[in-house]
Amino acid sequence: MKHIIAIISALCLGAAAADAQDYGSATLAERQIMYYEGTTTQQHEESKPLRPVHASYTIEAGSARLADTYLTPLKYRGWHTGVDYTRYQAMGFDPENWTMSLHAGIGIDRCENPAGNASMWSLMLNADWGMMRKFRPAQSLTLAAGGSTGLTAGCLYNDRNGNNPASAKGAWTINLTGYAAYQLRIGKLPVTLMYRPTLPVTGVFFAPDYGELYYEIYLGNDKGLVHGAWWGNYFSLDNLLTADLHLGSTNLRLGYRANIFSSKVNDTVTHIYNHSFVIGISGEWLSFNPRKPNSRKARSISPIF
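In short, a report on the structure.

Along the backbone of the protein chain there are two helices and 11 strands. When the elements of the protein chain are put in sequence order from the N terminus, they spell out α-β-β-β-β-β-β-β-α-β-β-β-β. Across the protein chain, the fraction of contacts at a sequence separation of at least 24, relative to all contacts at a separation of at least 6, is 65%. Summed over all atoms, the accessible surface of the protein chain reaches about 18000 Å², with 63% contributed by carbon and sulfur.

This is the structure:
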């Protein structure tokens, strides 16, 4: 009897050992698969480059000239002020060579007639988004060229007029845009110089007939209000030249802006010219997802250079 019990115990222990060995092998295989999948995911995340955002926040102040024959035949001169936001980031599909830009701003002008007894106000809002292809002809120089699409809306107001005190403005345009960025040092201070023009090529814009009241438009006289834009009847050029002084993680931005706008349609001529000094801050910022921390080995691609 003792021999039978010993044989049964030995068989049970052998089966348990075999089961344990099989379980251990299966667990090891599963761990190998999990390790392989984790390694592949990690390598994929490491190969995915980081795309920081280059953003700037600025204010501007300078001189302005306004003319709108819908309101008055006289030319007005005065001051200009505004705020501006610009954002650049490398594109996801080809971050080394393509970058995108987002720009939004608001400008306010107050001007007086030559006699100084009447004033005209201008309020203009604009926003555009575009993509640009980068070129690097030199180590410290980057050129970019591309296109953008933008919206413009605003109003000119003359407090001396009775029937027609305001002239509304609105446009959707397709633009040529780009920039030239150059890195240098002034002593030990790193500086980035940048020039960015924006030139509308085509689109549509709003303009009523000469002397047409907005009340008439409200009553249903809405024909001929939208016009195709081209350089013969709609010209606008925004020039921005800036210098970023790299004082630390945040840069001091100094610059100059020249904004030219001119339209001529329905015997109505509008001119808005601004020259202003620009000051603000800029820098590159990177967002982190706490659930998916970025690898330290991931490449960081500058949206400008």
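So, on to the environment of N233. Position of N233 relative to the elements: it lies in the loop between β8 (226–229) and β9 (234–245). On the accessibility criterion, N233 (12% relative accessible area) is buried. Contacts of N233, omitting those with residues within four sequence positions, involve F205, G228, S262, S263 and K264. Among the polar contacts listed, one links the side chain of N233 to the backbone nitrogen of W230, at a separation of 3.0 Å.

Aromatic ring pairs are reported here in terms of the distance separating the ring centres and the angle at which the planes meet. A full pass over the atoms with the stated rule returns eight aromatic pairs. Judged by centre distance (5.9 Å) and plane angle (90°), the rings of W79 and W121 are edge-to-face. Remark: W121 occurs in strand β4 (residues 119–138) and W79 occurs in strand β2 (residues 72–90); sequence separation between them is 42 residues. Three or more aromatic residues joined by ring pairs make a cluster, and in this case those are F205, Y234 and F261. For the cation-ring pair, R133 lies above F135, with the distance from its terminal atom to the ring centre recorded as 5.2 Å.

Turning next to the pairing of β4. Here 15 bridges tie strand β3 (residues 98–112) to β4, and the two strands are oriented antiparallel to one another. Across the sheet, G105 pairs through a bridge with N126, a residue of β4. Connecting β4 to the next strand, strand β5 (residues 141–158), in antiparallel fashion are two residues.

Another aspect to go through is the pattern of salt bridges. Charged atoms that come close allow side chains of opposite charge to pair. Summed over all chains, the structure comprises eight salt bridges. In this structure, D68 engages K169 in a salt bridge whose closest nitrogen and oxygen atoms are separated by 2.9 Å. Here D68, found in strand β1 (residues 53–68), pairs with K169, found in strand β6 (residues 166–186); they are 101 residues apart in sequence, far enough to count as distant. Taking the shortest distance from any N to any O, the salt bridge between R196 and D238 comes out at 3.5 Å. Of the two residues, R196 is situated in strand β7 (residues 189–206) and D238 in strand β9; the sequence distance between them amounts to 42 residues.

Analysis parameters
Counting starts from 1 at the beginning of each chain's written sequence and moves along it residue by residue. Totals for whole chains, interfaces and linings use all residues, but because this is a predicted model, local features are given only for residues with pLDDT of at least 70 and pairs of side-chain atoms are given and counted only at 80 or more. With hydrogens and water set aside, each side-chain value is computed from the structure's full complement of heavy atoms. Strands here mean DSSP runs of E at least two residues long; helices mean DSSP runs of H or I at least four residues long; both are numbered from the N terminus. Note on contacts: a residue pair qualifies if any of its non-hydrogen atoms lie within 4.5 Å across the two residues. Per-residue and other accessible areas were derived by the Shrake-Rupley procedure at a 1.4 Å probe size, with only the shown protein chains allowed to occlude residues. Each residue's exposure class comes from its accessible area (1.4 Å probe, protein chains only) as a fraction of the maximum for that residue type: buried when under 20%, exposed when over 50%, partly exposed otherwise. Whenever a nitrogen or oxygen atom comes within 3.5 Å of another N or O atom, the pair is scored as a polar contact, on the condition that within protein one atom can donate a hydrogen and the other can accept it, and that pairs from neighbouring residues in sequence are kept only if both atoms are in side chains. Side-chain rings of Phe, Tyr and Trp (the six-membered ring for Trp) are treated as a pair once their centres are within 6.5 Å; stacked means planes under 30 degrees apart, edge-to-face means over 60, and tilted covers the remaining angles. By definition, being over a ring means that NZ of Lys or CZ of Arg is both within 6 Å of the ring centre and within 35 degrees of the ring normal. DSSP calls a pair of strands paired once it identifies at least 2 bridges connecting them. Salt bridges are defined as contacts in which a side-chain nitrogen from Lys or Arg sits within 4 Å of a carboxyl oxygen from Asp or Glu.

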